[in-house]
Amino acid sequence: MHNHYWSLITMRKMWDTVKGTVKSGLSAHEMSLAVTAGVLGGVWPVPMTSFIGCLLLQAVFRLRPALGAIIQTINCIMTPVELALVSSFVYYGEYYLGAAEHFDTSSLVSALQVDLFGTLRSASGSLVYGILAWFAFVPIGGAVVYGLTYPIASRLLPVRTVPTQGVADKDV
């Protein structure tokens, strides 16, 4: 129960940070890019390291550091999807790049829980195929996620107005 309490506090802090970021004047474009980075980074095909995919996409999309809270929150939400897709990324990477041997990913998650670094080391060749497949997926997946997210964000977020400086209303 003690761990559950700390996870609730951590999730509350993450949520408060996300709310603060949204209230700070986020555009629909920025929100859509942050969601896209979180979703795509969240399915990075190396379990327990999806933050790497998120950081790469945050850099590629040139998103300001404050949006990292949104990206990482979505990354956490995507964990079950990531674990379900690892084998697909590895399979398609091996298939399209012509790997001589195919890696059995059925026991990957349980092996990672026992020996994270040992399993990553032994599976590294196959996981590289998964990463290459992920890189091929990102442009298409990114367009889809952004295309679905932008209309929603543009309706939910207030329009940011840029104040004009030095212009005063005068009675004529």
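Just so we're clear, the structure is a prediction, and the values are computed from it rather than from any experiment.

A. A look at the nonpolar core. Residues Met-31, Leu-63, Ile-70, Leu-127 and Trp-134 are the most contacted members of the largest nonpolar core, which totals 34 residues. Taken together, the elements giving at least two residues each to this core come down to helix 2 (28-42), helix 3 (50-60), helix 4 (68-77), helix 5 (79-97), helix 6 (108-114) and helix 8 (124-156).

B. Expanded view of the packing of helix 2 against helix 3. With their axes 7 Å apart at the nearest point, helix 2 and helix 3 run at an angle of 145° to one another. In terms of crossing hand, the pair formed by helix 2 and helix 3 is right-handed. Here Ala-37, Gly-38, Leu-40, Gly-41 and Gly-42 of helix 2 come into contact with helix 3, specifically with Ser-50, Gly-53, Cys-54 and Leu-57. For the contact of helix 2 with helix 3, the per-class residue count stands at four nonpolar, five polar and no charged.

C. The arrangement of the packing of aromatic side chains in detail. Summed over the entire model, instances satisfying the criterion amount to nine aromatic pairs. Taking the centre distance of 5.0 Å and the plane angle of 85° together, the rings of Tyr-95 and Tyr-96 count as edge-to-face. Arranged with centres 5.1 Å apart and planes meeting at 70°, the rings of Trp-134 and Phe-135 form a pair that is edge-to-face. Clustering of aromatic rings is evident, with ring pairs tying together Tyr-91, Tyr-92, Tyr-95 and Tyr-96.

D. How the structure looks around unusual backbone geometry. For Met-48, which is not a glycine, the phi torsion comes out positive at approximately 75°. Positionally, Met-48 belongs in the loop between helix 2 and helix 3. We note that Arg-62 has phi near 55°; this positive angle belongs to a residue other than glycine.

E. A look at the confidence of the model for the protein chain. In the predicted model, the protein chain carries a mean pLDDT of 82, and the fraction of residues at 70 or more is 80%. Counted against residues more than four places away or in other chains, residues 166-172, with its pLDDT under 50, gives zero contacts.

F. The arrangement of the state of the cysteines in detail. Tallied over the full model, the rule gives zero disulfides. For Cys-54, which is in no disulfide, the shortest distance to another cysteine sulfur is to Cys-76 and amounts to 8.6 Å. Taking relative accessible area as the criterion, Cys-76 reaches 42% and is therefore assigned partly exposed.

Cut-offs used in this document
Residues numbered from 1 in each chain as written. Predicted model: local features only at pLDDT ≥ 70, side-chain atom pairs only at ≥ 80, totals over all residues. Heavy atoms only, no water. Core = buried A, V, L, I, M, F, W, Y, C linked by side-chain atoms within 4.5 Å. Buried < 20%, exposed > 50% of the residue type's maximum accessible area, 1.4 Å probe, protein only. Helix = DSSP H or I, 4+ residues; strand = E, 2+ residues; numbered from the N terminus. Axes fitted to C-alpha atoms, helices over the stretch in contact; angles between N-to-C directions. Left-handed = near helix turned anticlockwise from the far one by under 90°. Contact = heavy atoms within 4.5 Å. Nonpolar A, V, L, I, M, F, W, Y, C, P; charged D, E, K, R; others polar. Phe/Tyr/Trp six-rings, centres within 6.5 Å; stacked < 30°, edge-to-face > 60°. pLDDT = per-residue confidence, 0-100. Disulfide = S-S within 2.5 Å.

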